[in-house]
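Chain by chain, the residues run as shown.
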Amino acid sequence: TGNMVEWCLPQDIDLEGVEFKSMASGSHKIQSDFIYFRKGLCFGLACFANMPVESELERGARMKSVGILSPSYTLLYRYMHFLENQVRHQLEMPGHYSHLEAFYDDKKGVLPDGKGTPTSQQPVHWLPSIHRYMYPEMKITHPAGCMSQFIKFFGEQILVLWKFALLRKRILIFSPPPVGVVCYRVYCCCCLANVSLPGLGGTVPESKPFFYVNVADIEMLETEVSYVACTTEKIFEEKRDLYDVYVDNQNVKTHHEHLQPLLKINNADKEKYRRLNDQRQMLMYSQEVGEDCSSCEEDLFILFFMEQNNRIFQTLMEVSASQDKTLTADHARGMGLDPQGDRSFLMDLLEVYGIDVMLVIDNPCCT
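Under an unreviewed UniProt entry, the name given to the chain is DENN domain-containing protein 11, and the organism recorded is Thinocorus orbignyianus. A UniProt comment under Sequence similarities (unreviewed entry) is attached to the chain, and it reads "Belongs to the DENND11 family."

Below is the structure:
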């Protein structure tokens, strides 16, 4: 019969499609995995396990996922260990739900009914605008070293992803299972676009992490103007109307001609990457000599890009408030951008965020 929901609490909750979200396509080839996903306004975390059994009815394998849903994903990782234990327990002793019932009774919260959001209720944001001393909750959804793996995996390409994330493009990451580590890449990608300046871009679409998506999500993705997601289903590559940027392993590509220039790494990008690595080396050195144990690589990574983004938008807002509203090559360099190489990126940025500025950087092709 394919994937099916065997048990849930509360029993009247709408879980349509969750049986496909919580078990990645292709998981039958692996022993265990974890998976982040989005269901309506909620986020989910599920742990999957696959156990060989001597049963013709089950075709030699028993596969289950045990998951939880929450309005925010920032604390889901805390229950990873519990879910891993429970999925193993469900494989070995199917139908025994007392531990899950006790967990639900202990943790349950009341969800909004969705019939018009009360004004007092905050919308579900992927990441609040953060002050550097205000985010203990940001030790989220990732093991230690998640950012470090992200940087090592993509190398200088993270600067390409950074531009697409800042432009709020629809980014889809493909990878075969296991999908857990790819869900972390979705999270890291969203961290690239964080800005903490007040009053910026009220009209700009929120960059949403959808984490894992599959063919059952196609209808929902058709309506999204901005998201970051991952999938194990190769069929998505052919559905070009669903995404702007497609990431296959380290290969970042786009079928939109006007976005092609953003795929090129320019000198300013190389300089940013060098600075990021220098800061990481200094952090590792200070940890080795025991001077600094409080800061970690995740903080460094998030602050590096947030400060970079703040500098760009601070400059753009100052120029738009000036009398002549003219953005020069010196402004671009001051923002850490390449006046020529980042010209199309800057033009897109002004359009997406509705910033009224005149760009006077000469295009060398037209001289």
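Asks: What exactly am I supposed to notice about the packing of aromatic side chains here?
Replies: The geometry of an aromatic ring pair is captured by the separation of the ring centres together with the interplanar angle, meaning the angle of the planes. With the rule as written, the count across this model stands at 20 aromatic pairs. Between Tyr-36 and Phe-211 the ring centres are 5.4 Å apart and the planes differ by 40°, which places this aromatic pair in the tilted class. Highlighted residues: Tyr-36 in strand 1 (residues 32-39) and Phe-211 in strand 5 (residues 208-212), separated in sequence by 175 residues. Residue classification places Tyr-36 among the buried positions, given a relative accessible area of 1%. Among the aromatic residues, those joined into a cluster by ring pairs are Phe-150, Phe-153, Phe-154, Trp-162, Phe-301, Phe-304, Phe-305 and Phe-345. The ring of Phe-210 carries the charged tip of Arg-38 above its face, separated from the ring centre by 5.0 Å.

Asks: How do you make sense of the confidence of the model for the chain when you look at a structure like this?
Replies: A low pLDDT score tells you not to read the predicted coordinates there in detail. Counting all residues, the mean pLDDT for the chain is 85, and 84% of those residues have values of 70 or more. In the model, residues 115-142 has pLDDT below 50 throughout and makes 49 contacts with residues more than four positions away in sequence or in other chains.

Asks: How do you make sense of the packing of helix 4 (residues 146-154) against helix 6 (residues 180-191) when you look at a structure like this?
Replies: When two helices pack together, their arrangement is given by the angle between the helix axes and by the axis-to-axis distance. The interhelical angle for the contact between helix 4 and helix 6, taken along N-to-C directions, is 90°, at an axis separation of 10 Å. As judged from the angle between their axes, helix 4 and helix 6 are roughly perpendicular. Contacts between helix 4 and helix 6 pair Cys-146, Met-147, Gln-149, Phe-150, Phe-153 and Phe-154 from the former with Val-181, Tyr-184, Arg-185, Tyr-187, Cys-188, Cys-189 and Cys-191 from the latter. Taken together, the residues that form the contact of helix 4 with helix 6 break down as 11 nonpolar, 1 polar and 1 charged.

Asks: I'm lost on helix 6 in this one. Help?
Replies: Since there are 3.6 residues in each turn of an α-helix, residues three or four apart along the chain are aligned in direction. Under the 1.5 Å per step criterion, the end-to-end length of helix 6 is 17 Å for 12 residues, consistent within 8% with the ideal 16 Å. Here helix 6 lies mainly inside the structure; 11 of its 12 residues are buried. For helix 6, the set of buried residues is Gly-180, Val-182, Cys-183, Tyr-184, Arg-185, Val-186, Tyr-187, Cys-188, Cys-189, Cys-190 and Cys-191.

Asks: What is the right way to look at the side chain of Gln-90 in this model?
Replies: By secondary structure assignment, the location of Gln-90 is in helix 2 (residues 80-92). Contacts of Gln-90, omitting those with residues within four sequence positions, involve Glu-6, Lys-64, Val-66, Gly-95, His-96, Tyr-97 and Leu-100.

Definitions and limits used
- Residues numbered from 1 in each chain as written.
- Predicted model: local features only at pLDDT ≥ 70, side-chain atom pairs only at ≥ 80, totals over all residues.
- Heavy atoms only, no water.
- UniProt positions renumbered as here; feature names shortened; annotations may be inferred.
- Phe/Tyr/Trp six-rings, centres within 6.5 Å; stacked < 30°, edge-to-face > 60°.
- Helix = DSSP H or I, 4+ residues; strand = E, 2+ residues; numbered from the N terminus.
- Buried < 20%, exposed > 50% of the residue type's maximum accessible area, 1.4 Å probe, protein only.
- Lys NZ or Arg CZ within 6 Å of the ring centre and 35° of its normal.
- pLDDT = per-residue confidence, 0-100.
- Contact = heavy atoms within 4.5 Å.
- Axes fitted to C-alpha atoms, helices over the stretch in contact; angles between N-to-C directions.
- Parallel < 35°, antiparallel > 145°, perpendicular 65-115°, else oblique.
- Nonpolar A, V, L, I, M, F, W, Y, C, P; charged D, E, K, R; others polar.
- Expected span 1.5 Å × (residues − 1).

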